[in-house]
Amino acid sequence: MSYYFAIIGTQDNPLFEYDFGTSKQGGDGQPRFSEQARHLNQFVLHSSLDIVEEVQWTNGQLNLKVIDKFFTNYISCFMTGGNVKFLLLHQPTATAGGANTTRNSTSVGANPTSPQTEEAIKNFFTEVYDNYVKAIMSPFYKVNMEVRSPVFRQRVAAAGRKYL
């Protein structure tokens, strides 16, 4: 499964972007997006912001779960109290010719809407949120400023390896 994670500020500007692949079940952690899809990911996430704005007022939760689907890509969202959006585009792995279907059907990457996958994504968002709060507590950070901390990037990568 390939992932594209972005933090979107209150003015719909990107604050942080990171793409990675799954590290579970023998994955190497590298994203498997095609070159064309890699350029399209940012557009797909930003186009889902309209849906986020509709859902955030009807759902009292911070974790909005899967909010949108674009072909085989799913978009999950987590809202912060300050209206900053954490968006995760995930592309499920394709099973090759039915080989190992019983193993793939129980993996996190096989079914993006399964309770196990939603729980893993929720745990990822929660850990990234904790690290995000620590990063923006810096006295040098201003609202809607891009997060450039290499430590934050490493912690997002570690959370991705841990949960996804």
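Residues numbered from 1 in each chain as written. Predicted model: local features only at pLDDT ≥ 70, side-chain atom pairs only at ≥ 80, totals over all residues. Heavy atoms only, no water.

Looking up the chain in an unreviewed UniProt entry gives the name Sedlin, with the organism given as Chaetomidium leptoderma.

Caption draft 1: Spotlight on the overall build of the chain. In terms of regular secondary structure, the chain is built from 5 helices and 5 strands. In the chain, the succession of α and β elements from N to C terminus is β-β-α-α-β-β-β-α-α-α. In the chain, which comprises 164 residues, the proportion classed as buried is 41%. A total of about 9000 Å² of accessible surface is found on the chain, and carbon and sulfur atoms cover 52% of it. (Helix = DSSP H or I, 4+ residues; strand = E, 2+ residues; numbered from the N terminus. Buried < 20%, exposed > 50% of the residue type's maximum accessible area, 1.4 Å probe, protein only. Areas by Shrake-Rupley, 256 points an atom, 1.4 Å probe, with all protein chains shown as cover.)

Caption draft 2: Seen up close, the pairing of strand β2 (residues 14-21). Judged from the 7 bridges that link them, strand β1 (residues 2-8) and β2 form a sheet pairing that is antiparallel. Considered in β2, the bridge of Ile8 is made with Pro14. Between β1 and β2, which follow one another and run antiparallel, lie 5 residues, and Asp12 among them has a positive phi close to 60°. (Pairing = 2+ DSSP bridges.)

Caption draft 3: Seen up close, the nonpolar core. Core analysis: the biggest nonpolar cluster contains 25 residues, and Phe5, Ile7, Phe86, Leu88, Phe124 and Tyr132 have the highest contact counts within it. Of all the elements in the fold, those that place two or more residues in this core are β1, β2, β5 (85-91), α4 (115-136) and α5 (150-163). Of all the elements, α4 adds the most residues to this core, at 6 residues. Dropping the residues within four chain positions of it, Leu88 is found in contact with Tyr3, Tyr4, Phe5, Phe20, Leu45, Tyr74, Ile75, Ser76, Ile121, Phe124, Phe125 and Leu164. Membership of the second largest hydrophobic core comes to 14 residues, among which are Ala6, Leu45, Leu49 and Ile75. (Core = buried A, V, L, I, M, F, W, Y, C linked by side-chain atoms within 4.5 Å. Contact = heavy atoms within 4.5 Å.)

Caption draft 4: Inspection of the sheet that holds β1 at higher detail. Strand order across the open sheet formed by 5 strands is β2-β1-β5-β4-β3, with antiparallel pairing between neighbours. Edge positions in the open sheet fall to β2 and β3 (63-70), since each of these has one partner strand only. Each strand axis lies, on average, 20° off the axis of its neighbour in the sheet, ignoring direction. Across 6 bridges, β3 lies against strand β4 (residues 73-79) in antiparallel orientation. Its bridge partner being in β4, Val66 is matched across the sheet by Ser76. In the packing of α5 onto the sheet, the strands contacted are β1 and β2, and the crossing angle to β2 comes to about 40°. (Axes fitted to C-alpha atoms, helices over the stretch in contact; angles between N-to-C directions.)

Caption draft 5: Geometry of α4. Here α4 contains 22 residues, and its C-alpha end-to-end distance of 31 Å stays within 8% of the 32 Å for a straight helix at 1.5 Å per residue. Structurally, α4 contributes buried residues whose contacts are with β1, β2, β3, β4, β5 and α5. (Expected span 1.5 Å × (residues − 1).)

Caption draft 6: Seen up close, the pairing of β5. When you tally the buried positions in β5, you get 7 out of 7 residues, the bulk of the element. Burial of β5 is two-sided: the residues Lys85, Leu87, Leu89 and Gln91 facing one way and the residues Phe86, Leu88 and His90 facing the other way are all buried. By the bridge criterion, 6 bridges tie β4 to β5 in an arrangement that is antiparallel. Within β5, the position partnered with Phe78 by the bridge is Phe86.

Caption draft 7: Geometry of the packing of aromatic side chains. This structure, assessed with the given rule, holds 16 aromatic pairs. Look at Phe5 and Phe125: their rings are 6.4 Å apart centre to centre, the planes differ by 40°, and that puts the pair in the tilted class. Note that Phe5 is positioned in strand β1 and Phe125 in helix α4, a separation of 120 residues in sequence. Both residues of the pair, Phe5 and Phe125, count as buried. Consider the rings of Phe86 and Tyr132, whose centres lie 5.4 Å apart with planes at 90°: the pair is edge-to-face. (Phe/Tyr/Trp six-rings, centres within 6.5 Å; stacked < 30°, edge-to-face > 60°.)

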